[in-house]
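Coordinates in review
Next come the chains, spelled out residue by residue.
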Number of protein chains: 2
Amino acid sequence: MVLSRRKSKVPPLPACPPQPCPLQQCMELLGGAWTPNIVWNLSGDPRRFSELRSDIPNISAKVLSARLRALADKGVITRSVIDTSPPTVEYALTALGRELLPVIDAIERVGRKLAARAG
Amino acid sequence: MVLSRRKSKVPPLPACPPQPCPLQQCMELLGGAWTPNIVWNLSGDPRRFSELRSDIPNISAKVLSARLRALADKGVITRSVIDTSPPTVEYALTALGRELLPVIDAIERVGRKLAARAG
DNA sequence: CAGCATCCCACGGGATACTG
DNA sequence: CAGTATCCCGTGGGATGCTG
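Here we take up the pairing of strand β3 (residues 88-93) of chain A. All names here are of chain A. β3 sits mainly inside the fold: five of its six residues count as buried. Bridging between strand β1 (residues 47-48) and β3 involves two bridges; their strand directions are antiparallel. Paired with R47 across the strands is Y91, a residue of β3. Pairing of strand β2 (residues 77-82) with β3 involves six bridges; the strand directions are antiparallel. Residue pairing in the sheet places S80 in a bridge with E90 of β3. Linking β2 to β3, which pair antiparallel, is a turn of five residues.

Okay, structure coming up:
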């Protein structure tokens, strides 16, 4: 079913571009296939590397490591080394990271609907 | 998204944690740096190729074309050829595509905050 | 435990040029 | 107008193996 001809020209939403579109701003932080999942798994208590590895089945150490590092660099998460033996490292969301939770939540909510729909 | 290599990982829908990993479900549709932007620009009236090109500064024809095709394949948007002269093509969100809007909205809202914060 | 190192590939995406 | 066609490169990501 197709829509009517070229009709109104009313901009649906304030046409994207204030220079760097806010979408890109945010997607820069959430880029990568695994990133939302990682952030999501940090939404509660801080978690350690190996916990995340098992929280997110099939993620490789390399990728997890790379994403965590990138997220830390961008200020989305903190990385706290705790000097025990063997040493443990805890990751947690920063305030900035917590800002992303609504997005993750929306993604998760929609994903659930899609899953339900597709079986 | 890039989910395939020799053995194709990031399973179609792995048993993430006990409950949900609908994140991948949704990210499959929103993957790619430009995709959210495209969907966002289709949130109102249907738009044509060249409109999208100017709506989204700096996107190349190739990428726009590729994303539109992928989105159409996934059932997120429709592609309607209108036999005028010169021919016009209109893209619009499907019901499925509209499901994604809350996500886009959240992304945009957060992106705006980030932009304000970072300058 | 929490990771780098290494190798290697596919895909996303920029640039440029061309077509129905 | 609405795309294709190439070329080419960077990086995300998988597999495997090794280390402090």
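What follows continues from the structure just given.
With that settled, the discussion passes to helix α4 (residues 61-73) of chain B. All names here are of chain B. Helix length check: α4, at 13 residues, gives a terminal C-alpha distance of 18 Å against a target of 18 Å (1.5 Å per residue), a fit within 8%. Among all positions in α4, only L64, L68, A70 and L71 are buried. One side of α4 holds all its buried residues, which, seen down the axis, span an arc of 165°. Turned more than 90 degrees away from the buried face of α4, the exposed residues are K62, R69 and D73. In the core, the buried residues of α4 are packed alongside α1 (22-30), α2 (35-41), α3 (49-55), β2 (77-82) and β3 (88-93). Just past α4, the residue G75 takes up positive phi, approximately 80°.

Our focus in this paragraph is the pairing of β3(B). Among the six residues of β3(B), six are classified as buried, and the element is accordingly described as predominantly covered. What you see with β3(B) is no split at all: T88(B), E90(B) and A92(B) on one side and V89(B), Y91(B) and L93(B) on the other are buried throughout.

With that settled, consider the sheet that holds β3(A). By way of backbone hydrogen bonds, the strands of a sheet pair with one another, either parallel or antiparallel. The sheet built from three strands is open, its strands ordered β1-β3-β2 (chain A) with antiparallel pairing. Looking at which strands have only one partner, the edges of the open sheet turn out to be β1 and β2 of chain A.

Around DNA strand D sit 21 residues, and of these A33(A), K62(A), R69(B), R79(B) and Y91(B) come closest. Within 4 Å of the protein, the contacting atoms of DNA strand D are drawn from sugar and phosphate to the extent of 70%. Within the side chain of S65(B), a nitrogen or oxygen atom sits 2.8 Å from a phosphate oxygen of DNA strand D. Between DNA strand D and V89(B), the relevant distance is 3.3 Å, taken from a phosphate oxygen to a main-chain nitrogen or oxygen of the residue. Counting only elements with at least two residues in the surface near DNA strand D, the list comes to α4 (61-73) of chain A together with α3, α4 and β3 of chain B. Classifying every residue of the surface near DNA strand D gives nine nonpolar, four polar and eight charged.

Procedures and definitions
- Residues numbered from 1 in each chain as written.
- Chains lettered and ligands numbered in written order.
- Predicted model: local features only at pLDDT ≥ 70, side-chain atom pairs only at ≥ 80, totals over all residues.
- Heavy atoms only, no water.
- Buried < 20%, exposed > 50% of the residue type's maximum accessible area, 1.4 Å probe, protein only.
- Helix = DSSP H or I, 4+ residues; strand = E, 2+ residues; numbered from the N terminus.
- Pairing = 2+ DSSP bridges.
- Expected span 1.5 Å × (residues − 1).
- Arc of directions from axis to C-beta.
- Contact = heavy atoms within 4.5 Å.
- Near = heavy atom within 4 Å.
- Polar contact = N/O pair within 3.5 Å; in protein donor to acceptor, adjacent residues only side chain to side chain.
- Nonpolar A, V, L, I, M, F, W, Y, C, P; charged D, E, K, R; others polar.

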